[in-house]
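# Remarks on the overall topology
Residue strings, one per chain:
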There are 2 protein chains.
Amino acid sequence: MGKERVTVIDIARAAGVSKSTVSLVLQASPLVNEVTRAKVNAVIRELGYVYNRGAANLRQSNAKSKIVGIVVNDLTNSFFAELAVGVDMVVQSAGYVQFLANTAENPDRQREVIASMREHGIAGLILSPARGTEAADLKPLMASGIPVVNVVRQIAGAKVSSLISDNRAGIRDAVRHLAGLGHHRIAFLGGFPDTAVFAERLEGYREALADMDLAARNELVIGSAPSRAGGVAAIERALALSERPTAAVCFNDAVAFGVCDGLRAHRLDPGEDFAVIGFDDVIEAQTAVPALTTVSVDPQGMGRRAAQLLLKQINAGRADAEAIVGSVRLVVRQSCGAASDKRERLALL
Amino acid sequence: MGKERVTVIDIARAAGVSKSTVSLVLQASPLVNEVTRAKVNAVIRELGYVYNRGAANLRQSNAKSKIVGIVVNDLTNSFFAELAVGVDMVVQSAGYVQFLANTAENPDRQREVIASMREHGIAGLILSPARGTEAADLKPLMASGIPVVNVVRQIAGAKVSSLISDNRAGIRDAVRHLAGLGHHRIAFLGGFPDTAVFAERLEGYREALADMDLAARNELVIGSAPSRAGGVAAIERALALSERPTAAVCFNDAVAFGVCDGLRAHRLDPGEDFAVIGFDDVIEAQTAVPALTTVSVDPQGMGRRAAQLLLKQINAGRADAEAIVGSVRLVVRQSCGAASDKRERLALL
DNA sequence: TGACAGATTTGGAACGTTCCAATTAACTAA
DNA sequence: TTAGTTAATTGGAACGTTCCAAATCTGTCA
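Conventions adopted
Residues numbered from 1 in each chain as written. Chains lettered and ligands numbered in written order. Predicted model: local features only at pLDDT ≥ 70, side-chain atom pairs only at ≥ 80, totals over all residues. Heavy atoms only, no water. Least-squares fit on C-alpha atoms with pLDDT ≥ 70 in both. Contact = heavy atoms within 4.5 Å. Salt bridge = Lys/Arg side-chain N within 4 Å of Asp/Glu carboxyl O. Helix = DSSP H or I, 4+ residues; strand = E, 2+ residues; numbered from the N terminus. Buried < 20%, exposed > 50% of the residue type's maximum accessible area, 1.4 Å probe, protein only. Near = heavy atom within 4 Å. Polar contact = N/O pair within 3.5 Å; in protein donor to acceptor, adjacent residues only side chain to side chain. Buried area = accessible area lost by both parts, 1.4 Å probe. Nonpolar A, V, L, I, M, F, W, Y, C, P; charged D, E, K, R; others polar. Core = buried A, V, L, I, M, F, W, Y, C linked by side-chain atoms within 4.5 Å. Domains from an automatic or database assignment. Pairing = 2+ DSSP bridges. Axes fitted to C-alpha atoms, helices over the stretch in contact; angles between N-to-C directions. Phe/Tyr/Trp six-rings, centres within 6.5 Å; stacked < 30°, edge-to-face > 60°. Expected span 1.5 Å × (residues − 1). Arc of directions from axis to C-beta.

Take the relation of the copies chain B and chain A next. When chain B is fitted onto chain A, the two copies agree to an RMSD of 0.1 Å after a turn of 180 degrees and an axial shift of 0.1 Å. Such values leave the two copies arranged in the relation of a two-fold axis. Closest approach to the rotation axis within chain B is made by the C-alpha atom of B:Phe99, at a distance of 2.3 Å. Of the residues that chain B buries at the interface, 98% are likewise interface residues in chain A, meaning the two copies contact each other through the same surface.

On to the pattern of salt bridges. Evaluation of the coordinates by the stated rule reveals 40 salt bridges over all chains. A:Glu105 is the partner of A:Arg153 in a salt bridge, and the nearest nitrogen-oxygen pair spans 2.9 Å. Here A:Arg153, found in the loop between strand S4 (148–151) and strand S5 (161–165), pairs with A:Glu105, found in the loop between strand S2 (97–102) and helix H6 (107–119); they are 48 residues apart in sequence, far enough to count as distant. According to the relative accessible area criterion, A:Arg153 is buried, its value standing at 16%. By relative accessible area, A:Glu105 is classed as partly exposed at 25%. A salt bridge links B:Glu34 to B:Arg37, with the shortest nitrogen-to-oxygen separation between them at 3.3 Å. With B:Glu34 and B:Arg37 both in helix H3 (residues 34–47) and three residues apart, the pair spans about one turn of that helix. In the salt-bridge network here, residues are joined through shared partners; they are A:Arg168, A:Arg172, A:Asp173, A:Glu203 and A:Glu207.

Inspection of the region around DNA strand D gives 27 residues, with A:Thr21, A:Thr36, B:Val8, B:Ser23 and B:Tyr49 positioned closest. Of all atoms in DNA strand D that approach within 4 Å of the protein, 63% are sugar or phosphate atoms. Contact between DNA strand D and B:Tyr49: a phosphate oxygen at 2.4 Å from a side-chain N or O atom of the residue. Elements represented by at least two residues in the surface near DNA strand D include exactly helix H2 (19–26) and helix H4 (53–59) of chain A together with helix H2 (19–26) and helix H4 (53–59) of chain B. Broken down by element, the surface near DNA strand D gets its largest block of residues, four residues, from H2(A).

Listed per partner, the contact involves 50 residues of chain B and 50 residues of chain A. Between chain B and chain A, the buried area comes to about 4,800 Å², and carbon and sulfur atoms account for 58% of it. Residue A:Arg53 is joined to B:Glu119 by a salt bridge in which the shortest nitrogen-to-oxygen separation is 2.5 Å. Between the two partners, chain B and chain A, sit eight residue pairs in polar contact (both at pLDDT 80 or more). Those elements that place two or more of their residues in the side of chain B that touches chain A are H4, helix H5 (78–93), strand S2 (97–102), helix H6 (107–119), helix H10 (228–239), helix H11 (253–265), helix H12 (284–287) and helix H14 (340–348) of chain B. At eight residues, the largest contribution of residues to the side of chain B that touches chain A is made by H5(B). Broken down by class, the residue content of the side of chain B that touches chain A amounts to 23 nonpolar, 13 polar and 14 charged.

We now examine the protein's contact with DNA strand C. Of all residues adjacent to DNA strand C, which total 27 residues, the nearest are A:Val8, A:Ser23, A:Tyr49, A:Arg59 and B:Thr36. Sugar and phosphate atoms represent 64% of those atoms of DNA strand C found within 4 Å of the protein. One of the backbone N or O atoms of A:Asn52 is found 3.4 Å from a phosphate oxygen in DNA strand C. In this structure, a base nitrogen belonging to DNA strand C sits 2.8 Å away from a side-chain N or O atom of B:Arg59.

Phi angles above zero are rare outside glycine, and A:Val152 is one such case at about 70 degrees. By the element assignment, A:Val152 lies in the loop between S4 and S5. Located in the positive-phi region is B:Glu105, a residue other than glycine, with phi close to 65 degrees.

What follows is about the nonpolar core. If you look at the biggest cluster of nonpolar residues, it comprises 154 residues, and the most contacted ones within it are A:Tyr205 and B:Tyr205. When sequence neighbours within four positions are dropped, the list of residues in contact with A:Tyr205 reads A:Ile171, A:Val175, A:Ile186, A:Ala187, A:Phe188, A:Leu220, A:Val221 and A:Val249.

So, about the domain arrangement of chain A. Looking at the assigned domains, one finds that chain A contains domain 1 (8–51), domain 2 (67–165 + 301–327) and domain 3 (167–298 + 331–348). Taking the mean C-alpha position of each, domain 1 of chain A and domain 2 of chain A sit 37 Å from one another.

All right, on to the sheet that holds strand S12 (residues 329–331) of chain B then. All names here are of chain B. Reading across the sheet, the six strands line up as S7-S6-S8-S9-S10-S12 and stay open at both edges, with mixed pairing between neighbours. Because the sheet does not close on itself, it has two edges, and the strands there are strand S7 (221–222) and S12. Bridge analysis of strand S6 (residues 186–189) against S7 gives two bridges, and the strand direction is parallel. Looking across to S7, one finds that phenylalanine 188 is bridged to valine 221. On top of the sheet, H11 reaches S6, strand S8 (247–250), strand S9 (275–280) and strand S10 (293–296); it is set at about 155 degrees to S9, its chief contact.

Let's shift gears to the pairing of strand S5 (residues 161–165) of chain B. Residues and elements named next belong to chain B. Of all five residues making up S5, five are buried, and the element is well covered by its neighbours. Burial along S5 is two-sided: Ser161, Leu163 and Ser165 and Ser162 and Ile164, pointing in opposite directions, are all buried. Across three bridges, the pairing between strand S4 (residues 148–151) and S5 is parallel. Bridge pairing in S5 places asparagine 150 opposite serine 162. Sheet analysis places S5 next to strand S11 (residues 323–326), joined by four bridges and oriented parallel. Bridged to serine 162 within S11 is alanine 323.

Residues and elements named next belong to chain B. Residue placement: histidine 183 occurs in the loop between helix H8 (167–180) and S6. Engagement of the side chain of histidine 183 in a polar contact is seen with the side chain of threonine 246, the distance being 2.7 Å. Those residues within four positions of histidine 183 in sequence are excluded, and the remaining contacts are Leu178, Leu214, Thr246, Ala247 and Ala275.

Pairing is mixed in the open sheet, where six strands are placed in the order S7-S6-S8-S9-S10-S12 (chain A). A strand with exactly one partner marks an edge of an open sheet, and here the two such strands are strand S7 (221–222) and strand S12 (329–331) of chain A.

The subject of this paragraph is the side chain of A:Ser162. Summarising the element assignment, A:Ser162 is placed in strand S5. Once residues within four sequence positions are removed from consideration, A:Ser162 is found in contact with A:Asn150, A:Gln154, A:Glu322, A:Ala323 and A:Ile324.

Under the definition given, this model contains nine aromatic pairs over all chains. Each ring, one from A:Phe188 and one from A:Tyr205, has its centre 5.5 Å from the other, and the planes form 45 degrees; the classification is tilted. Linking A:Phe188 in strand S6 (residues 186–189) with A:Tyr205 in helix H9 (residues 196–211), this pair joins segments that are 17 residues apart in sequence. Take A:Phe188 and A:Tyr205: they sit in the same class, and that class is buried. Ring centres of B:Phe188 and B:Phe198 lie 5.3 Å apart, and the angle between their planes is 80 degrees; on these two criteria the pair is classed as edge-to-face.

Residues and elements named next belong to chain A. Burial along S6 is two-sided: the residues Ile186 and Phe188 and Ala187 and Leu189 are all buried. Where S6 meets strand S8 (residues 247–250), four bridges bridge the pair, whose relative direction is parallel. Across the sheet, the residue bridging to leucine 189 is cysteine 250, located in S8.

Residues and elements named next belong to chain A. Its 14 residues give helix H3 (residues 34–47) an end-to-end C-alpha distance of 20 Å, which sits within 8% of 20 Å, the value for a rise of 1.5 Å per residue. Where H3 is concerned, the buried positions are Thr36, Arg37, Val40, Val43 and Ile44. End-on, the buried residues of H3 take up no more than an arc of 130 degrees, which puts them together on one face. Those residues of H3 that are exposed and aimed more than 90 degrees away from the buried face are Glu34, Val35, Arg45 and Glu46. Buried positions along H3 lie against helix H1 (8–15) and H2. A side-chain oxygen of the first residue of H3 lies 2.8 Å from the backbone nitrogen of valine 35; this N-cap is asparagine 33. Looking one or two residues beyond H3, the residue adopting positive phi is glycine 48, at roughly 65 degrees.

Structure follows, in structure tokens:
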């Protein structure tokens, strides 16, 4: 099998032109004659030439590479998987290729992968930071002028662009909706209390309670890992309270699903005996039973927007930090017991 | 901000040594004197030097790069997300970095991303092929001596290593288990009938039925998209049969979850009124309610094994195609109604 | 002292591409 | 014919690294 690399010089020799001409053909330059171009292209196909982007990059070190990095903190969470898919869509169609790494919430690993990506010369980075990431971690990246777009989580003090969803408004709307349905004891379940996102959502929760003249009671705020298992644990604690809540807004959809699981284990019917609202609107939210009422964030869309923002910055040379807060909207389905929908559904059976 | 690239020559000048020495330091060569090494390292830190792997790769074009590609057909399916996480774990700790691309089952896109990865000089590729991938698509890759490991799906006629799970045995065991519980009408639900994986699983289904002296009835085999929504559709059709099945083995866990959803919509309690078994053992399988009985494949583990196999081949120069079929094991939980477990659980409440 | 060995260090050349300036070819206008 | 113009092509040099062979330095031994 062909072991030696076929280079542009081999092509040139075989086609009877100079390497410069071959290079021009590769760049689809209008300078080269049609017949020459055809001949060169034929030889390229024939010899099975593959372009060496590394060498090209080296020469045009002023220009940027066609690689973007994406680093997420938990790829097993489908929210981030969707996010990555969204990013992939737009970078791929812009002719870029994506380095993806998963940090599993480990800041050390995050440092490593970012360093590795730098060595490979990424043109930009989309980052969903691991818990405990500090502004200092991004300093060297910023200094070398590589655009960074932060998603989902913000890093205090870092001068990078960010794209986060409107956490406060999302939870606020959810709580108002529940209050509107007549609930007085509404819990806030799940999430790590030491994160900025948690703080923002909790703020929305408190704000809505105040708006609706409901008492904010601390025992109704129950943190947990932001996962399905965490949701089970949280609802367990909530149901053990002397005065049980009748509804809950959850930190995210994974927690909400866990809460539904936990309710069933107690012979409670989510949506019927207890209202549940999630956050994120992951794909499963609409097909689950009961379909999950949730704050829609559209992770794929977010990925696409992040990628677009990043590409814009890459093309613009150096762009100044831009903070976009993505609007968010409550999608009412069955899990909050917003009756009409459910009754219709039952009537159908 | 520092715009110009800091090169090994800059380091050399600042440290008062030659670029060759700096290079040796970078490679942690034992040839260089301790005090020189320290000085050089200090300067490297001070000037914020970042290694240019592209240039290095170019020079040692005999050696391979430190990039592996991973191409999956559906990253939104958590099975593949987990797989990618598994791959990432081992390649990261081997000092590699992973290019990840999602083809969304589109063979054209798959061709593009593979071409792009080649241009970037990947050392190897892990591929979960899009539906309709042909052996010819991999020909050029193979010809250039880049190791490829196929996962999940096999490609007829391609001489590449593959790592697939024992589809036949998995479903066979599942069906036997159901038959052992006294079920006579067992359905096979979900999956695209034109895929090799489907064929293998169906074979296991038929084999088990024959073993247990049960009739194989065609109307009990119902294909669908291998997704949660597909599962809902499939169980819908199954319940419309004049003679309903009482149990189902599903193409994968996503389908199984959909089947549970569909059952609930009909006021049937999965695990109680109808037995359901999945395939894959995705993370949610154990925390779902009812916990899903499923054929365990451990996607992360599979990713790790695939990555190890690939790295082995990369290091070995060129390895010959190896076909590993991963063993598989039935994990009995609640959704198949294998009583004991469930009764205990109820007693606890 | 001179020769030799081992430990360090070093100047090119090379990797595969792009870019620049310069060359050649083919016409056109005067 | 000749100069001028446009179109097409081309030979280096350069990008940032590694590798090789050769050079330098130190110390030791006869």
